[in-house]
Amino acid sequence: GPKRSGPELLCQLKEKVEVTTLTPELKPFSSLPWLSLLPPRPLTSDLGPFKSCAVVSSAGSLKHSGLGKEIDTHDAVLRFNSAPTSGYEKDVGTKTTLRLINSQVMASDDHRFLSSSLYSAGILVAWDPAPYSSDLAEWYNRTDYPIFQQYQKYRRLHPQQPFYILHPRMEWQLWDRIQENMAEPIQRNPPSSGLLGTVLMMSLCEVVHVYEFLPSRRKTELCHYYQRFYDAACTLGAYHPLLYEKNLVKRMNLGPDRDIYTHGRVTLPGFNTFNC
Ligand code: NCC
């Protein structure tokens, strides 16, 4: 029911959300001419485990946070979409181990995904809002944005950079966990990159610190720390069930509430550190 405790929520995520990426033997990829562009093994077998990890949301409240040094002390750092470090090091750090990008970023001209050096640091992981409970073949033929075309182009231009695609099953398994823990019906849109990335890091790390996903005292209508654009929907959500995602993360937080207020920091345990 909606009043599940933090430990119960953590166990549900651990047991009912499969964190995995596409591999060449999965249908329909196994019969496609570009199958060899996909990494042979899933991300979770190639990477980690890490001791400590940081998830850096793109929220405007990171601006003037001075959290850069603290973020860089982690063994691995995850960033999102086109969030830069250059010029913002004091607030967001310099290290990028992983970058989770949505298919809109890959496809839109504004983000210059194929040519900008912003995407060249670390390991890339892409995702696309797949239809609810569809199989891979169905999704392949009607992705939200042309994720596979862009993936192939990027891989050919940057063959040395590791680049994974999230299995879309994860989006909806995670969405199901959000819905079953809320009393009211929520919109059937996939979780934000922020929550997807947080769960991804919980499968790779012993401890995960998430920054400014739950806003600190610096809470602002500034959408991103790197853009002069104001919209409260960035923090509360419009398309993504962001408010509900934040409610769940708040309930799972192992750190003191004070950390949220001062640092925008939530502490979550890695899936391998607890039994259910
Ligand atoms: O804004 P976005 O997200 O790239 O932010 C990454 C993650 O940080 C958290 N966040 C961000 C801003 C804020 N004020 N508060 C936050 O908590 C969220 O968890 C968010 O997921 C996305 O999830 O992929 C998203 O992408 C943007 C956009 O596509 C990219 O930034 C590229 O421009 C979406 N914006 C629009 O479509 C207009 C956003 O809805 C979700």
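Reference entry: report on the structure contained in this document.

Conventions adopted
- Residues numbered from 1 in each chain as written.
- Predicted model: local features only at pLDDT ≥ 70, side-chain atom pairs only at ≥ 80, totals over all residues.
- Heavy atoms only, no water.
- Helix = DSSP H or I, 4+ residues; strand = E, 2+ residues; numbered from the N terminus.
- Buried < 20%, exposed > 50% of the residue type's maximum accessible area, 1.4 Å probe, protein only.
- Pairing = 2+ DSSP bridges.
- Core = buried A, V, L, I, M, F, W, Y, C linked by side-chain atoms within 4.5 Å.
- Disulfide = S-S within 2.5 Å.
- Phe/Tyr/Trp six-rings, centres within 6.5 Å; stacked < 30°, edge-to-face > 60°.

1. Examining unusual backbone geometry
In step 1: Residues Lys27 and Pro28 are joined by a peptide bond in cis, for which omega reads 0°.
In step 2: Relative to the assigned elements, Pro28 resides in the loop between α1 (6–16) and α2 (43–46).
In step 3: Look at the link from Gly48 to Pro49: it is a cis peptide, with omega at 0°.
In step 4: Backbone geometry places Arg112, a non-glycine residue, at a positive phi of 40°.
In step 5: Since its relative accessible area comes to 51%, Arg112 is described here as exposed.
In step 6: Of note in this structure, Glu212 is not a glycine but carries a positive phi near 55°.
In step 7: Following the sequence through the fold, Glu212 ends up in the loop between β6 (205–211) and α10 (233–236).

2. Quick word on the pairing of β6
In step 1: Taking burial as the measure, the seven residues of β6 include five buried ones, the bulk of the element.
In step 2: Taken together, the six bridges between strand β1 (residues 50–56) and β6 define a ladder with parallel strand orientation. Among the inter-strand pairings, Cys53 is bridged to a residue of β6, identified as Val208.
In step 3: With five bridges connecting them, β6 and strand β7 (residues 265–269) associate as antiparallel partners. Of the residues in β7, the one forming a bridge with Val210 is Val266.

3. Quick notes on the nonpolar core
Note on soluble globular proteins: their nonpolar side chains tend to be buried together.
In step 1: Leu98, Phe163 and Met201 are the most contacted members of the largest nonpolar core, which has 72 residues in total.
In step 2: By residue number, the principal contributor to this core is helix α9 (residues 193–202), which donates six residues.
In step 3: With eleven residues, the next largest nonpolar core counts Ala54, Leu67, Val92 and Tyr225 among its residues.

4. With respect to the state of the cysteines
In step 1: Applying the stated rule across the entire model yields three disulfides.
In step 2: Across a sulfur-sulfur distance of 2.1 Å, Cys11 and Cys276 are joined as a disulfide pair. Across the S-S bond of Cys11 and Cys276 the torsion is about -100°, and the bridge reads as left-handed. Linking Cys11 in helix α1 with Cys276 in the segment after β7, this pair joins segments that are 265 residues apart in sequence.
In step 3: Here Cys223 pairs with Cys234 through a disulfide, and the sulfurs are 2.0 Å apart. As the torsion about the S-S bond is roughly -95°, the Cys223-Cys234 disulfide counts as left-handed. Placement of the pair is Cys223 in the loop between β6 and α10 and Cys234 in helix α10, with a sequence separation of eleven residues.

5. Considering the packing of aromatic side chains
Given two aromatic rings, one states the distance between the centres and the angle between the planes to describe the pair.
In step 1: Inspection of the entire model under this criterion finds 19 aromatic pairs.
In step 2: Aromatic pair Phe113 and Phe163: ring centres 6.1 Å apart, planes at 70°, arrangement edge-to-face. Of the two residues, Phe113 is situated in the loop between α5 (103–107) and β4 (123–127) and Phe163 in strand β5 (residues 163–165); the sequence distance between them amounts to 50 residues.
In step 3: Judged by centre distance (5.0 Å) and plane angle (80°), the ring pair of Tyr132 and Trp172 falls under edge-to-face. With Tyr132 in the loop between β4 and α6 (136–141) and Trp172 in helix α8 (residues 169–180), this pair connects stretches of sequence that are 40 residues apart.
In step 4: Of the residues examined, Tyr132 reaches a relative accessible area of 28% and is grouped as partly exposed.
In step 5: Given the relative accessible area of 8%, Trp172 is considered buried.

6. Looking at α9
In step 1: With respect to burial, α9 is a largely interior element, ten of its ten residues being buried.
In step 2: Along α9, the positions that sit buried rather than exposed are Ser193, Gly194, Leu195, Leu196, Gly197, Thr198, Val199, Leu200, Met201 and Met202.

7. Focus on the pairing of strand β2 (residues 76–80)
In step 1: Most of β2 sits inside the fold, with five of its five residues counted as buried.
In step 2: Residues Ala76, Leu78 and Phe80 of β2 are buried on one face, and the alternating residues Val77 and Arg79, pointing to the opposite face, are buried as well.
In step 3: Taken together, the three bridges between β1 and β2 define a ladder with parallel strand orientation. Bridge pairing in β2 links Ala54 to Val77.
In step 4: Bridge analysis of β2 against strand β3 (residues 98–102) gives three bridges, and the strand direction is parallel. Residue Phe80 lies in a different strand from β3, and its bridge partner there is Leu100.

Shape descriptors only; they carry no functional weight alone.
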